[in-house]
Amino acid sequence: MASFANLILVYFPEKSPQAGTKQGFSLIVAIFLTAFLVVLIVSMTLILQMEKQAGMTALSKLRAREAARLALMMALGDLQRHAGPDQRVTARAEITGASNQNRYWTGVWDTSNESAEAHWLVSGDTPDPSANSPSVQLQAEYDHRSDGTYHTPYDVPAVRAPTTSLESNETEIAWWVADEGVKAAIKPVNDVSQELPTLEGKATPPEYYGYSEKTLRSAAFLNDPVFDFKALYDITESSDSILHELEKINSKSQIAPLVEDFALPLKKKVASQFLHAVTLENYFVLSNSKEGGLKKDLSYLKTIHPHTITAADLNTLYADADSLLTPDFARALYVNANPTAGDKDSMMGMQIPRDTVSAVESAEQDFSILPVITEFQVSAGLAADDQTEAGELYLVHKLYIELWNPYTVPFVLGKDDLAAELGYSDLRFEISNLPNYSITNNSSGETTTGSLPDLSYLLSRDTGDQTMRPGMVFYTTLPRDNGGTGDTGTFHLPLGTALAGKNSDEYSGEFTMSGPVDIRVIAINSTGAEKEIYAFELDGYPDFEIEYESGQRATWFNRRKSSKDGQFGMNNESLERIGYAFGFRFKFLDSQNSETMVADLSNWLSLQDPRRRSFSIDLNHWNINAVWTDPDTPPYDFRLSSNDFDPGFFDPGESFKSDDFFYYQTSGTGRKDRVARVFNIATVEPTNPDLLNAIHYPGERPNPIGNPWGEELNAVYDRYFFSTLPAPSGSDQDLGSKPLLNCRLHVLDENLTLSGVDAAEGLILENGFNLNSTSALAWEKVLSGHRIAAEDARMRYEQGSFANPPEWFRVPKKLNNGFFKFPEAAAFNATEREFGPRYEVLLRKEVGDYDNAFRIDSVQLHTDRQHPAFVQSFRELQKDIPIKLGQAIVEELREFYNEEGHPPFSLAEYISSGLLQDAINATPEVNQRSGDFDEIPAYGPSSIDQRALLNAIGSLASVRSDSFEITARADINDPSTGRVLESAMCRATVQRLAEAHTNPEFGRKFQILQFEWLTPKFD
């Protein structure tokens, strides 16, 4: 190639020397011009290359973003298809035991197909959480030590997802759907107690959705407006600035400024939990995960009179195909009883919907408020009146009865003029089929025979009226010891026969049983209407003999009818003499001297309902060792002496013993009665299905709702909810301006009214919790229980001063980690009275040895008949227990999955599996458990059991989620080298709605609530 100089010579030939100067200058100019042209060409080339590269980069970035959007839309479509229908549950891959980088993948299970495999909401053709397939990172790890050990609950591995290739492998996309419902939502919601001004000193409470004063004052105990996050805020401090700031923010990115002043370790601890344990807020559609459809509103029942509604009405309203709802449900939920004792003329009497015991036993459910018979004894003796020549025979008899009010509300007994609309008050006890007798004067050889007549006792006539305070045990005799025939303390019933003789004569009696002794109890109201409430048959008593010895006055057969002297007369003392009186008796298994005493008390509340209305027992086949294993063996003690059923060896000293659990002291000072409140009655607006445990389910175990043996009854948690919407007749209808009593229900439709059972269409559950969560840290916040500031908690004494009604008082200290067995009753009766109370509310901040205060043993129960374990229906847990309990629940969930192959498909399945109770039992600190024994009586009012947990979280619980967060990523690769040229990541928060999708197969619509671009992390 010719040089540049040679080319110049070709075009510019040599000139004469005279022209040299001009020619040299021209050459230089030419060279510079040529160089300029070369530089210009090179520069233009470079600029064009840079512009081309910039264009290519912009195009790659655009392609990456569009691909990321496409990935997000694919994720949303997958979510809509698989999680849109109601009959789905969700859980993270942790539930399967996955512990690798895929543990946070979200799985969806079809509940209509028991054998269906999980669908994982993540990219990839066949994603498998147990496999470590090629993947890209979608969320960074959080490792405090940066050593990959993840040794604390606050350490989390990165989230990775398989990729899908597009455009001949030039574009790779990945996405992952995070389940926000399995996290604890920490953004507080407003509740009624915060909205109301103080009610102290106000004769009339402010108008608030028509709620009663009792409801308004109880609001703080009924609902928890926020899960606890102690590292971030204190919900009991109204001045907590972070708590107030949380109400204003809408994104997790806004959390950082709130913790700016925190120490670095605490700041890291808070930040890491926002990855997989906590979220700001989530929402749940009120749908049924097992049967499909929206839940039905039980609050509508308050618009219908509970005594007029029929089963057909309920079936029409609620489409209740299997008749789970009955009129007894309505009566139990809206009995609206007064929780404190007051004027007897306005106090509630017994509530009895059915006329006979057989009607009760044939019913599936029965809601009645009645006293429970804990011990029953009729004592009798035959005597000849020594003041008559013929020796007229009399039956001397007396009834001894111990009654227990097991409820959290009072009622009045024996008041025969109680207004009929308030219920039944009087009781009549009838004993029939007593033995035939044959009495022989052995001295004269004369004999007389006959049949003992039926006996009848009327409470109002023979004892008078009695206020049965909540949980109270009451003992009386009919007649009283200073009443009856001739004030002898007994009744004398002439037998129409006679047997002459003297005190010194020897007599013998033979008594022949003709069948079972029949006992009936009849309730009577002021109009004379009667209803049979108890029916007992005691068969198998042997025929018996009594030798009336003349050597002891106490066993003389000839007695002085008019004498009140126990040595001579026919009085109460004579019926307490071994060898003279005979009797028939049954009592609860409640001996405190028994090694099984605490177990017996727990069994009464879990195995056999103490409110059973009848039994028929053959004593020849009764076995005390089978009472808790054989449902046909009633758990009563029928022995008449230490080991005998023979009425002739009747030992009155074995009756009504002071070391029995159920006991009422008839003399002395102070509170005389055992107090044990074990069945909760609705006194305020219902918010929780647990109130349905006030119903007696004949032939079934007690307290089924919320307990493992509830089985199909636990479906109430799936099918129904309480909106607590105001009744249409109320004047205060401004929905949306202030929270409902069920404060986590968010009103979507301000025109919503309580005009039917379909309120779920206009409501959404705010900040609920998916119980299939495998985050122990999330469970810790959910299980931290109620934390109630002292200024928000009001309680009412059980008794007022003198004749005044009970006063309200402010709780002296705040409550921490409180769990309520009976939240509706928590505001009432925990303290007896203002001055000199025999029992009062126990708070952890006030009681030094708080945990041991609820433990029991025989000595404690014998000396403390108002023991807090049976009086106080709530307890505060230690601050370190929720995380331990949360870890135990996660382990039980994994065990459930291993056995069933899927998470619980419904709340009913979850509850009936007993996994919450198993987790509690595995955390011995909860109820002072030792081996298989709880020293805080299991199933008692202060026991924190599965029911108590559900009272705290049942109204906000689900087994599926409806709030999700989609993270999508796209990488643009160099086709020749495979190098990533550009990446894009985005995130969207999506929410399932109650609105149906246009395609029925897709269930309900999803809506994108937030969208943002993220900075991708490179591997």
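Residues numbered from 1 in each chain as written. Predicted model: local features only at pLDDT ≥ 70, side-chain atom pairs only at ≥ 80, totals over all residues. Heavy atoms only, no water.

Peer 1: Just to check I follow, could you spell out the overall build of the protein chain for this structure?
Peer 2: Helix and strand content of the protein chain: 19 helices and 44 strands. For a compact globule of 1019 residues, the expected C-alpha radius of gyration is about 31 Å, and the protein chain comes in at 40 Å, more than 25% above that figure. By principal-axis analysis of the C-alpha atoms, the protein chain measures approximately 185 × 55 × 55 Å. For the protein chain, the residues scored as buried account for 58% of the 1019 residues in total. Contacts in the protein chain between residues at least 24 apart in sequence constitute 73% of all its contacts with a sequence separation of at least 6. For the protein chain, the accessible area works out to roughly 40,700 Å², and carbon and sulfur atoms hold 49% of it. Taken together, the 89 basic and 144 acidic charged side chains of the protein chain have centroids lying 8 Å from each other. (Helix = DSSP H or I, 4+ residues; strand = E, 2+ residues; numbered from the N terminus. Rg over C-alpha atoms; globule rule 2.2 N^0.38 Å. Buried < 20%, exposed > 50% of the residue type's maximum accessible area, 1.4 Å probe, protein only. Contact = heavy atoms within 4.5 Å. Areas by Shrake-Rupley, 256 points an atom, 1.4 Å probe, with all protein chains shown as cover. Lys, Arg positive; Asp, Glu negative; His and termini not counted. Charge placed at Lys NZ, Arg CZ, Asp CG, Glu CD.)

Peer 1: Sorry, what's going on with the sheet that holds strand β38 (residues 874–876) here?
Peer 2: By definition, the strands of a sheet pair up through backbone hydrogen bonds, in either a parallel or an antiparallel sense. Spatial strand order, β34-β37-β38: three strands in an open sheet with antiparallel pairing. Edge positions in the sheet fall to β34 (786–788) and β38, since each of these pairs with one other strand and no more. Taken over all neighbouring pairs, the strand axes of this sheet differ in orientation by 40° on average, direction set aside. Bridging between β34 and strand β37 (residues 815–820) involves two bridges; their strand directions are antiparallel. Looking across to β37, one finds that His786 is bridged to Gly818. With respect to the sheet, helix α4 (residues 213–222) is in contact with β34 and β37, its orientation differing from that of β34 by roughly 125°. (Pairing = 2+ DSSP bridges. Axes fitted to C-alpha atoms, helices over the stretch in contact; angles between N-to-C directions.)

Peer 1: What should I look at first to understand the side chain of Asp191 in this one?
Peer 2: Inspection of the secondary structure puts Asp191 in the loop between β8 (184–185) and α3 (192–195). There is no salt bridge for the buried Asp191, and the closest opposite charge comes from Arg744, which lies 9.4 Å off by N-O distance. (Salt bridge = Lys/Arg side-chain N within 4 Å of Asp/Glu carboxyl O.)

Peer 1: Just checking my understanding: could you explain the pattern of salt bridges for this structure?
Peer 2: Charged atoms that come close allow side chains of opposite charge to pair. Taken as a whole and judged by the stated rule, the model has 56 salt bridges. Across the pair Asp962 and Arg992 runs a salt bridge, and its minimum N-O distance is 2.6 Å. Residue Asp962 is found in the loop between β41 (957–958) and β42 (963–973), and its partner Arg992 is found in strand β43 (residues 980–996); the two are separated by 30 residues along the sequence. The class of Asp962 is buried, set by a relative accessible area of 1%. Overall, Arg992 belongs to the buried group, its relative accessible area being 0%.

Peer 1: Help me understand helix α16 (residues 881–900) in this model?
Peer 2: In an α-helix, one full turn covers 3.6 residues, which means residues spaced three or four apart are oriented alike. Its 20 residues place the ends of α16 28 Å apart at the C-alpha level, agreeing with the 28 Å of an ideal helix rising 1.5 Å per residue. Along α16, the positions that sit buried rather than exposed are Ile881, Pro882, Ile883, Leu885, Gly886, Ala888, Ile889, Val890, Glu892, Leu893, Phe896 and Tyr897. The inward-facing, buried residues of α16 contact β2 (106–110), α13 (776–782), α17 (907–912), α18 (915–921) and α19 (946–953). Just beyond α16, the residue with positive phi is Gly901, at close to 85°. (Expected span 1.5 Å × (residues − 1).)

Peer 1: So what exactly am I meant to see when it comes to unusual backbone geometry here?
Peer 2: Peptide bonds are, in most cases, trans, and in most cases residues other than glycine have a negative phi. At the junction of Leu478 and Pro479, the peptide bond is cis and its omega measures out at 5° in the coordinates. Along the chain, the position of Pro479 falls in the loop between β20 (473–478) and β21 (491–498). Backbone geometry places Asn336, a non-glycine residue, at a positive phi of 55°.

Peer 1: Help me understand the domain arrangement of the protein chain, please; the structure alone is not making it clear to me.
Peer 2: The extent of an interface is frequently quoted as the accessible surface area lost upon association of the parts. Domain annotation of the protein chain identifies domain 1 (40–136 + 157–180 + 969–1014), domain 2 (185–294 + 687–960) and domain 3 (357–673). Once you take the C-alpha centre of each, domain 1 and domain 3 turn out to be 77 Å apart. (Domains from an automatic or database assignment.)

Peer 1: Help me understand the side chain of Lys531, please; the structure alone is not making it clear to me.
Peer 2: If you trace the backbone, Lys531 turns up in strand β24 (residues 530–539). Of the polar contacts made by the side chain of Lys531, one reaches the backbone oxygen of Ile352; its length is 2.7 Å. Ignoring anything within four residues of it in the chain, the contact list for Lys531 reads Ile352, Pro353, Arg354, Asp355, Tyr424, Val521, Ile522 and Ala523. (Polar contact = N/O pair within 3.5 Å; in protein donor to acceptor, adjacent residues only side chain to side chain.)

Peer 1: Sorry if this is basic, but what is going on with the packing of aromatic side chains here?
Peer 2: Each aromatic ring pair is summarised here by two numbers: the centre-to-centre distance and the angle between the ring planes. This model, assessed by the stated rule, comprises 52 aromatic pairs. Both rings, one in Phe221 and one in Phe820, keep their centres 5.7 Å apart while their planes meet at 65°; by these two values the pair is edge-to-face. With a gap of 599 residues between them, Phe221 in helix α4 and Phe820 in strand β37 connect regions that are remote in the sequence. Looking at Lys738, its charged tip hangs above the ring of Tyr209, at a distance of 5.3 Å from the centre. (Phe/Tyr/Trp six-rings, centres within 6.5 Å; stacked < 30°, edge-to-face > 60°. Lys NZ or Arg CZ within 6 Å of the ring centre and 35° of its normal.)

Peer 1: Can you walk me through the environment of Thr967 in this structure?
Peer 2: Residue placement: Thr967 occurs in strand β42. Taking the C-alpha atoms as reference, Thr967 lies 49 Å from Arg701; in sequence the two are 266 residues apart. Discounting residues that sit within four places of it in the chain, Thr967 has contacts with Leu138, Ala174, Trp175, Trp176, Met985, Cys986, Arg987 and Leu1014.

Peer 1: What's the story with the sheet that holds β2 in this structure? I'm lost.
Peer 2: The three strands are arranged β1-β2-β3 in an open sheet whose pairing can be described as antiparallel. In the strand order of this sheet, the two ends are held by β1 (88–92) and β3 (119–120), each with one partner. By the bridge criterion, five bridges tie β1 to β2 in an arrangement that is antiparallel. Considered in β2, the bridge of Thr90 is made with Val108.

Peer 1: Help me out: how do you make sense of the environment of Ser456 in this one?
Peer 2: Relative to the helices and strands, Ser456 is located in strand β18 (residues 455–458). Remark: the alpha-carbon pair of Ser456 and Arg428, spanning 28 residues in sequence, is separated by 6.8 Å. Those residues in contact with Ser456 that lie beyond four places of it in its chain are Arg428, Phe429, Glu430 and Arg461.

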